[in-house]
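Reading the structure
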Amino acid sequence: MQQEIRFATFNVCNLAPPGARLYDNLEPSTPEEYEAKIAWTAHQIDMLGADVIGFQEVFSQAALAEALSRTRRFRDAIHVGFDPDPDAEKLTPSVALASRLPLADAPRQLPYFPPGIAMPPGNRDPERFTRAPLHAAIQLTPDLVADVVVVHLKSRRPDYRAGDTGDDPQLYALASLRSLIRRGTEAAALRVLLTDIGRTHHRPRVVLGDFNDVADAVTTGIVLGLGAPSGDRLYDACQLQGRQDHLRHVGFSNVHDGYHSTIDHILVSAEFNAGLPGAVGEVIDVVYLNDHLDLGLPEASDHGQVLARLRLFEQAGTPTGDG
């Protein structure tokens, strides 16, 4: 019998305890608002029916743990996450992972760019990610381990300098360019890290995340490794899925200014591309949970969730240790 493994990515949108100050233009949530958000988040996690979920915009790992405890499917799951600075006056977002499958090794953060990659001089945090990616080795079967990386690249929000405003079109353009440069630099750094992980462990890789760019954007293409050797590059699960029913698939994960787009992606390595030799599985379906984006629920995320169903071929397996 062929085994199915489900991966999902879920931007939970400002998940934080009540009363926590996140942004100057955002009021802290009340206990009632927090309770509603936790309940909604738990419901969506159960709706996904995933085995492994990558989370973004987690301002409090304790809040995510509370949501997981309210679920049916994930209350006993492994939860991996690191609060960047829990004692800071303002909390900062991070990523997390929850898995119903065992870990094959200790998870780790990847906060720093690899050697040779840095932001241009004069930029804040020139040698590190805005949100540190998270790497975990997941034991898919007794004989198959996958390296799973959860990411959240820099947003499109303009990076203004002190005193700048969007009223000046030049300042707005320069601020948007700064964000793009950072997102591009993070994409390049991530590409190097993912290549290193692949060449070190020789195992399938899955990337779960909010890329803040569509699948055919230059930054996403950098992470995919377009033009790289097939063993190093990644593939958009949506493009690989066996069910290409365009009437059924309404694939968007974000609505901004009335424009629907998909900026949350699941990427897989060649081992899950059935069209390539040596594949151990295939992407059979990608599903988007996005109805809430049109409902305007205050407790809901402003992102849809993306779920990829992967089917492992019979007798699929790779060494569980380093290659």
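About the thresholds
Residues numbered from 1 in each chain as written. Predicted model: local features only at pLDDT ≥ 70, side-chain atom pairs only at ≥ 80, totals over all residues. Heavy atoms only, no water. Pairing = 2+ DSSP bridges. Helix = DSSP H or I, 4+ residues; strand = E, 2+ residues; numbered from the N terminus. Contact = heavy atoms within 4.5 Å. Axes fitted to C-alpha atoms, helices over the stretch in contact; angles between N-to-C directions. Buried < 20%, exposed > 50% of the residue type's maximum accessible area, 1.4 Å probe, protein only. Arc of directions from axis to C-beta. Core = buried A, V, L, I, M, F, W, Y, C linked by side-chain atoms within 4.5 Å. Phe/Tyr/Trp six-rings, centres within 6.5 Å; stacked < 30°, edge-to-face > 60°. Lys NZ or Arg CZ within 6 Å of the ring centre and 35° of its normal. Salt bridge = Lys/Arg side-chain N within 4 Å of Asp/Glu carboxyl O. Patch = residues over 30% accessible without salt bridge, like charges linked within 9 Å, V, L, I, M, F, W, Y side chains within 5 Å. Areas by Shrake-Rupley, 256 points an atom, 1.4 Å probe, with all protein chains shown as cover.

1. Points about the sheet that holds strand β12 (residues 264-269)
- Taken together, six strands build an open sheet; the order of strands is β5-β6-β7-β8-β12-β9 and the sheet is mixed. Each end of this open sheet is capped by a strand with a single partner; those strands are β5 (108-109) and β9 (234-236).
- In this sheet, β12 lies alongside strand β8 (residues 205-210) in antiparallel orientation, the contact comprising five bridges. The partner of Val207 across the bridge, within β12, is Leu267.
- Along the sheet face, helix α3 (residues 169-201) touches β5, β6 (134-141), β7 (144-152), β8 and β9 and points at about 170 degrees away from the line of β7.

2. Thoughts on helix α2 (residues 61-69)
- All of the buried residues along α2 are Gln61, Ala63, Leu64, Ala67 and Leu68. The buried residues of α2 occupy one face: seen down the axis, they fall within an arc of 155 degrees.
- Tucked into the core, α2 has its buried residues touching β1 (3-15), α1 (31-48), β2 (52-58), β3 (78-81) and β4 (94-99).

3. Details of the nonpolar core
- Core analysis: the largest hydrophobic core is formed by 31 residues, its most contacted members being Phe7 and Leu140.
- For this core, the elements supplying multiple residues, two or more each, are β1, β4, β6, β7, β8, β12, β13 (281-289) and β14 (305-312).
- Setting aside residues no more than four positions away along its own chain, Leu140 makes contact with Gln3, Ile5, Phe7, Leu101, Val145, Ala146 and Phe272.

4. Overview of the sheet that holds β4
- One open sheet holds the six strands; their spatial order is β3-β4-β2-β1-β14-β13, and the pairing between them is mixed. Either end of the sheet is taken by a strand with one partner, and the two such strands are β3 and β13. Neighbour to neighbour, the strand axes of the sheet diverge by 15 degrees on average, direction disregarded.
- Pairing of β13 with β14 involves eight bridges; the strand directions are antiparallel. Directly across from Val283, in β14, lies its bridge partner Leu310.
- Running over the sheet, α1 touches β1, β2, β13 and β14 and is turned about 160 degrees from β1.
- Sitting on the sheet, α2 is in contact with β1, β2, β3 and β4, with an inclination near 160 degrees to β3.

5. Some words on the packing of aromatic side chains
- Enumeration over the complete set of coordinates arrives at four aromatic pairs.
- Where Phe10 meets Trp40, the ring centres are 6.1 Å apart and the plane angle is 80 degrees; that geometry is what we call edge-to-face. Residue Phe10 is found in strand β1, and its partner Trp40 is found in helix α1; the two are separated by 30 residues along the sequence. Each member of the pair Phe10 and Trp40 is classed as buried.
- Between Tyr23 and Phe59 the ring centres are 5.9 Å apart and the planes differ by 85 degrees, which places this aromatic pair in the edge-to-face class. In this pair, Tyr23 is assigned in the loop between β1 and α1 and Phe59 in the loop between β2 and α2, connecting sequence segments 36 residues apart.
- We classify Phe59 as buried; its relative accessible area is 3%.
- Connected via pairs of aromatic rings, a cluster forms that spans Phe10, Trp40 and Phe55.
- Between the NZ or CZ atom of Arg157 and the centre of the ring of Tyr23, over which it lies, the distance is 5.8 Å.

6. As for the pattern of salt bridges
- Scanning all chains against the criterion turns up 15 salt bridges.
- A salt bridge links Asp24 to Lys90, with the shortest nitrogen-to-oxygen separation between them at 2.3 Å. Highlighted residues: Asp24 in the loop between β1 and α1 and Lys90 in the loop between β3 and β4, separated in sequence by 66 residues.
- A relative accessible area of 32% places Lys90 in the partly exposed class.
- Salt-bridge contacts for Glu35 lead to Arg70; the nearest nitrogen and oxygen are separated by 3.0 Å. One end of the pair, Glu35, is in helix α1; the other, Arg70, is in the loop between α2 and β3, with 35 residues separating them in the sequence.
- We classify Glu35 as partly exposed; its relative accessible area is 36%.
- Among the ionic contacts, a cluster of salt bridges with common partners joins Glu4, Arg6, Asp285 and Arg309.

7. With respect to a nonpolar patch on the surface
- On the surface, Leu174, Leu177, Leu180 and Ile181 cluster together into a nonpolar patch covering about 310 Å² of accessible area.
- Structurally, the position occupied by Ile181 is in helix α3.
- For Ile181, a relative accessible area of 35% gives the class partly exposed.

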